[in-house]
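Results of the structural survey
Next come the chains, spelled out residue by residue.
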Amino acid sequence: MDAVVTVTHVDKSFNKKRILHDVNLTASAHEILGLIGPSGAGKTTIIKNIMGMEQPDDGKVTIFGNRMPNRQVLQRIGFMAQDDALYESLTGRENLKFFAQLFGVKKDQLNERIEYTAGVVNLNQDLGKRVSNYSGGMKRRLSLAISLIQDPDLLVLDEPTVGIDPELRRQIWDELRKYAKDGKSIIITTHVMEDAAECDELLMIREGHIITHGSPASLEKEYNVDNLEQVFLKAGKSNENSNNN
Amino acid sequence: MRILTITKRIFVEMFRDKRTLALMFVAPLFILSLMYFLFQSNTNTVADIGTYNVSSSLVKTIDNKHIKIHKMTSDVSAKKTIRDKDYAGFIKKTDGKLTVTYQNADQSKTAIIKKSVQMALIKVQMKQLVTATKKSKTGLIKMQAQLQQIKKQLPSTMSSQIPAPSAQKNMQKPTNLKLTQHYLYGKSDSSFFTTMLPVFLGFMVFFFVFLISGISLLNERNSRTLDRLLATPVKRSEIIYGYLTGYGAVAIIQTAVIVLFCIYVLSISILGSIWVVLLICFALAMVALSMGLFVSTFAASEFQMVQFIPIVVIPQIFFSGLIPVANMAGWLQVIAHIMPLYYGASALTDVIQKQASFSAVIPQFSAILAFLLVFIILNMIGMRKYRKV
Ligand SMILES: Nc1ncnc2c1ncn2[C@@H]1O[C@H](COP(=O)(O)OP(=O)(O)OP(=O)(O)O)[C@@H](O)[C@H]1O
Ligand SMILES: [Mg+2]
């Protein structure tokens, strides 16, 4: 499969504290890659290094064959940050339109794209409301809609399912599955095991180390357990042991 | 195109924030009106003085519309009278000596009394000299010397008639020399306010634009939308230019409102072209804007942004023409020349009061543009903090 994102030997420290230790990953087209790990593991930091929002101390990130940071490549990436960065005094539609225009979405496609992306997250009815009047979940959904606005080839989503009800969660996963089938590449972070089960490929992260990776089924088989939570615990332990040795 | 998208967004956000809107458009008008009335009342100050044992002819010469004289009938202590009756001064004559005591709580009143008394004394001396001349021609040379000296002492703005011997020929028959005054700029009733208007105008535009643009970029940063923005293919320069156009347009409207208010409500005459005034204000607003954006990089909160006001904005007032820069110490003059408001206020003063054309203020205007360029570059470097490309 064609590699869309490659992260090689990335190290990152904040205030002399090592946050990422030799992170390597590859995200391919047609594939949903999940980063799973507890709070503070360094998932968001990996995402920011991928997006070029942080510079790795060591190692490199390549997307579509371009070394990051690269401004042009951003045109092909749909990004959803962990915190909803939205313009509160604008309406949902105005937020979508603003980002659509920054991505150079053509005028004749503008409304179509807005309606379509809002539809993915069931937000059509609320597009006229100001974001300041949105609930937490609605803001999440709008952020997700924005990440889809320019029909990107790569989706980078930091905890997209937080605050979203099970029914809509199902709908969103179906949509993501469809994109992957169409040849897009998707990277998501989560700390929910149900989300992890939806991914094609999983990276388990603990304290800045990638402790194991593989498809959910192969991981369960490898660690000889019947759910991903067990995999995570077992992998964590064996990683600790290998670190101590 | 992306620039316009950002500009449009800033407009919408601004328009929905009614308080900020009011701050931008109503606050300057309020402050200007307040200043207008404050400085207007200054021109009809009347100083109360008490006198004792001063000849009524001298009292009459001292008296003018800015002075109110209270004759004391008994010998009282000057200090006590001033304290008890809240007089601005007290004049007392003892053994042919005139003593003036000033309350000196209000320097403008002290100045009025000083000027009035000096003027009265000159008049009296002059009269004596004229009489003396009649008597002796030999006194002539001496008198001329004295006259010369007196003339030097005369304040240039003196608005009274000075009786003086004119030429040597008709020295025997002194005629009244009438003093007529011409004002090169403004009118005789120009108040402090009219003189200071260009400075206020420049300051107002600078201050409000600085504060609001700085805080808005700060909010953009703190709400993480700047990060989000930089995760799109937008150029860093496009963000800066978007802000400059958005707030630049707001600044133009603000300046227009202030200028029209001054002309039609406060009926202050602007001698030069209004368009040049608007242009200078716009350039000044752009500098304020780029400075505000740059300074906001060093502030973590709105409160910290406000903390920059005493450092960045207040010192500029002192160098904007309220105190004549030419009279300052050398090193202070150097400081003045690194203050954008110095150039802005000086250009505005030239246009508003001296009817300068645009070409006449090109030097100041270029200096403002130079500041703008420097801060735009600094901003783009500052943005590198958030995205390297
Ligand atoms: N800008 C920063 N400065 C200093 N420390 C940081 C910075 N960003 C992240 N960290 C630290 O890096 C570690 C990893 O943070 P990160 O946000 O990547 O975790 P995460 O896996 O995304 O957690 P969560 O699931 O809670 O979002 C944390 O200990 C955090 O304190
Ligand atoms: Mg995170």
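Residues numbered from 1 in each chain as written. Chains lettered and ligands numbered in written order. Predicted model: local features only at pLDDT ≥ 70, side-chain atom pairs only at ≥ 80, totals over all residues. Heavy atoms only, no water.

Points about the overall build of chain A
In terms of helices and strands, chain A carries eight helices and 10 strands. Since a compact globule built from 245 residues should have a radius of gyration of about 18 Å, the 18 Å found for chain A is in line with a globular shape. Expressed as lengths along the three principal axes of its C-alpha atoms, the size of chain A is roughly 60 × 35 × 35 Å. In chain A, of all internal contacts separated by at least 6 residues, the share reaching a separation of at least 24 is 65%. Carbon and sulfur atoms make up 44% of the accessible area of chain A, which totals about 10900 Å². (Helix = DSSP H or I, 4+ residues; strand = E, 2+ residues; numbered from the N terminus. Rg over C-alpha atoms; globule rule 2.2 N^0.38 Å. Contact = heavy atoms within 4.5 Å. Areas by Shrake-Rupley, 256 points an atom, 1.4 Å probe, with all protein chains shown as cover.)

Looking at the overall build of chain B
Along its length, chain B carries 15 helices and six strands. Across the 389 residues in chain B, those meeting the buried criterion constitute 47%. In chain B, the proportion of contacts linking residues at least 24 apart, taken out of those at least 6 apart, comes to 69%. (Buried < 20%, exposed > 50% of the residue type's maximum accessible area, 1.4 Å probe, protein only.)

A few points about the interface of chain B and chain A
Where interface size is given, it is often the accessible area lost as the parts come together that is meant. Taken together, the contact between chain B and chain A spans 25 residues of the former and 27 residues of the latter. The contact between chain B and chain A buries some 2500 Å² in all, and 64% of this surface belongs to carbon and sulfur atoms. When residues of chain B are sorted by the area they lose upon contact with chain A, R16, R228 and P233 of chain B head the list and together hold 29% of the total. Counting across the chain B and chain A interface gives two salt bridges. For the salt bridge of D83 of chain A with R224 of chain B, the shortest nitrogen-to-oxygen distance reads 3.8 Å. Applying the counting rule to chain B against chain A returns seven residue pairs in polar contact (both at pLDDT 80 or more). Those elements giving two or more residues to the side of chain B that touches chain A turn out to be α1 (2–16) and α8 (225–229) of chain B. Residue contributions to the side of chain B that touches chain A peak at eight residues, all from α1 of chain B. The residue makeup of the side of chain B that touches chain A, split by class, is nine nonpolar, four polar and 12 charged. (Buried area = accessible area lost by both parts, 1.4 Å probe. Salt bridge = Lys/Arg side-chain N within 4 Å of Asp/Glu carboxyl O. Polar contact = N/O pair within 3.5 Å; in protein donor to acceptor, adjacent residues only side chain to side chain. Nonpolar A, V, L, I, M, F, W, Y, C, P; charged D, E, K, R; others polar.)

Some thoughts on the coordination of the magnesium ion (ligand 2)
Residue and element names in this part refer to chain A. Around the magnesium ion (ligand 2), the protein contributes the donor atoms T44 (OG1) and Q82 (OE1), at 1.8 to 2.1 Å from the metal centre. Here T44, found in helix α1 (residues 43–51), pairs with Q82, found in the loop between β6 (77–80) and α2 (92–102); they are 38 residues apart in sequence, far enough to count as distant. Take T44: its relative accessible area is 23%, and that puts it in the partly exposed class. (Donors = N, O, S within 2.8 Å, 3.2 Å for Na, K, Ca; no water.)

What to know about helix α9 (residues 236–265) of chain B
In this model α9 of chain B runs 42 Å from its N-terminal to its C-terminal C-alpha over 30 residues, within 8% of the 44 Å that 1.5 Å per residue would give. Backbone geometry just downstream of α9 of chain B places S267 of chain B in the positive-phi region, at approximately 40°. (Expected span 1.5 Å × (residues − 1).)

Side note on the site of ligand 1
Residues and elements named next belong to chain A. In the vicinity of ligand 1, 14 residues are found, and the nearest of them are S39, K43, T44, T45 and Q82. At 2.6 Å, a side-chain N or O of S39 approaches an oxygen atom of ligand 1. Measuring from an oxygen atom of ligand 1, one finds a side-chain N or O atom of K43 at 2.7 Å. Surface burial for ligand 1 is 65%, taken as the share of its 640 Å² of free accessible area covered by protein chains. Looking at the shell around ligand 1, the element that brings in the most residues is α1, giving three residues. Residues that form the shell around ligand 1 fall into these classes: four nonpolar, eight polar and two charged. (Near = heavy atom within 4 Å.)

Some points on a nonpolar patch on the surface
Residues and elements named next belong to chain B. Taken together, the side chains of F192, I314, F318, L322 and I323 define a hydrophobic patch exposed on the protein surface, amounting to about 410 Å² of accessible area. Residue contributions to the nonpolar patch peak at three residues, all from helix α12 (residues 309–322). Take I323: it is sitting in the loop between α12 and α13 (330–336). (Patch = residues over 30% accessible without salt bridge, like charges linked within 9 Å, V, L, I, M, F, W, Y side chains within 5 Å.)

Overview of the layout of surface pockets
All names here are of chain B. For the second largest pocket, the calculated volume is near 520 Å³. If you go around the second largest pocket, you meet 22 residues; those closest to its centre are E13, D17, I215, S216 and N219. Of all the elements in the fold, those that place two or more residues in the lining of the second largest pocket are α1, α2 (18–41), α7 (192–222) and α9. Among the elements that take part in the lining of the second largest pocket, α7 stands out by supplying six residues, more than any other. When its residues are assigned to classes, the lining of the second largest pocket shows 10 nonpolar, six polar and six charged. (1 Å grid on protein atoms, 1.4 Å probe; cavity = no way out; pocket = protein on both sides within 12 Å on 5 of 7 lines; lining within 4 Å. Points joined across faces, edges and corners; volume = space filled by probe spheres on them.)

Details of the sheet that holds strand β4 (residues 97–102) of chain B
Residues and elements named next belong to chain B. Sheet architecture is open: four strands sit in the order β2-β1-β3-β4, paired in mixed fashion. The sheet is open, and its two borders are formed by β2 (67–71) and β4, each paired with just one other strand. With direction set aside, neighbouring strand axes in the sheet form an average angle of 20°. Across four bridges, strand β1 (residues 47–52) lies against strand β3 (residues 89–94) in parallel orientation. (Pairing = 2+ DSSP bridges. Axes fitted to C-alpha atoms, helices over the stretch in contact; angles between N-to-C directions.)

A closer look at the domain arrangement of chain A
Residues and elements named next belong to chain A. According to the domain assignment, chain A consists of domain 1 (1–76 + 153–173 + 181–245) and domain 2 (83–152). Of note, the centres of domain 1 and domain 2, computed from C-alpha atoms alone, are 26 Å apart. With 17 residues of domain 1 in contact, the opposing surface of domain 2 contributes 14 residues. Interface area, domain 1 with domain 2, both sides summed: about 1200 Å², of which 55% is carbon and sulfur. In this structure, the connection of domain 1 to domain 2 is made through one salt bridge. A salt bridge links K184 to D151; its shortest N-O distance comes to 2.8 Å. Connecting domain 1 to domain 2 are nine residue pairs in polar contact (both at pLDDT 80 or more). Elements that contribute at least two residues to the side of domain 1 that touches domain 2 include exactly β7 (154–158) and α5 (166–181). Broken down by element, the side of domain 1 that touches domain 2 gets its largest block of residues, four residues, from β7. Of the residues belonging to the side of domain 1 that touches domain 2, the class tally is nine nonpolar, three polar and five charged. (Domains from an automatic or database assignment.)

Some points on the side chain of T81 of chain B
All names here are of chain B. Within the fold, T81 resides in helix α4 (residues 78–85). Residue class for T81 comes out buried when judged on its relative accessible area of 7%. For T81, the contacting residues outside a window of four places in its chain are M72, V76, D86, Y87 and F90.

Digging into the sheet that holds strand β8 (residues 185–190) of chain A
All names here are of chain A. In spatial order, the strands read β6-β7-β8-β3-β9-β10; together these six strands make up an open sheet with mixed pairing. Of all the strands in the sheet, the pair left with one neighbour each is β6 and β10 (209–214). Going from strand to strand, the sheet's axes swing by 15° on average, the running direction of each strand aside. Direction of pairing for strand β3 (residues 31–36) relative to strand β9 (residues 201–206): parallel, over a ladder of four bridges. Directly across from I36, in β9, lies its bridge partner M204. Lying over the sheet, helix α4 (residues 136–148) contacts β6 and β7, oriented at roughly 170° with respect to β6. Sheet strands touched by α5: β3, β7 and β8. Its angle to β3, the strand with the most contacts, is close to 125°.

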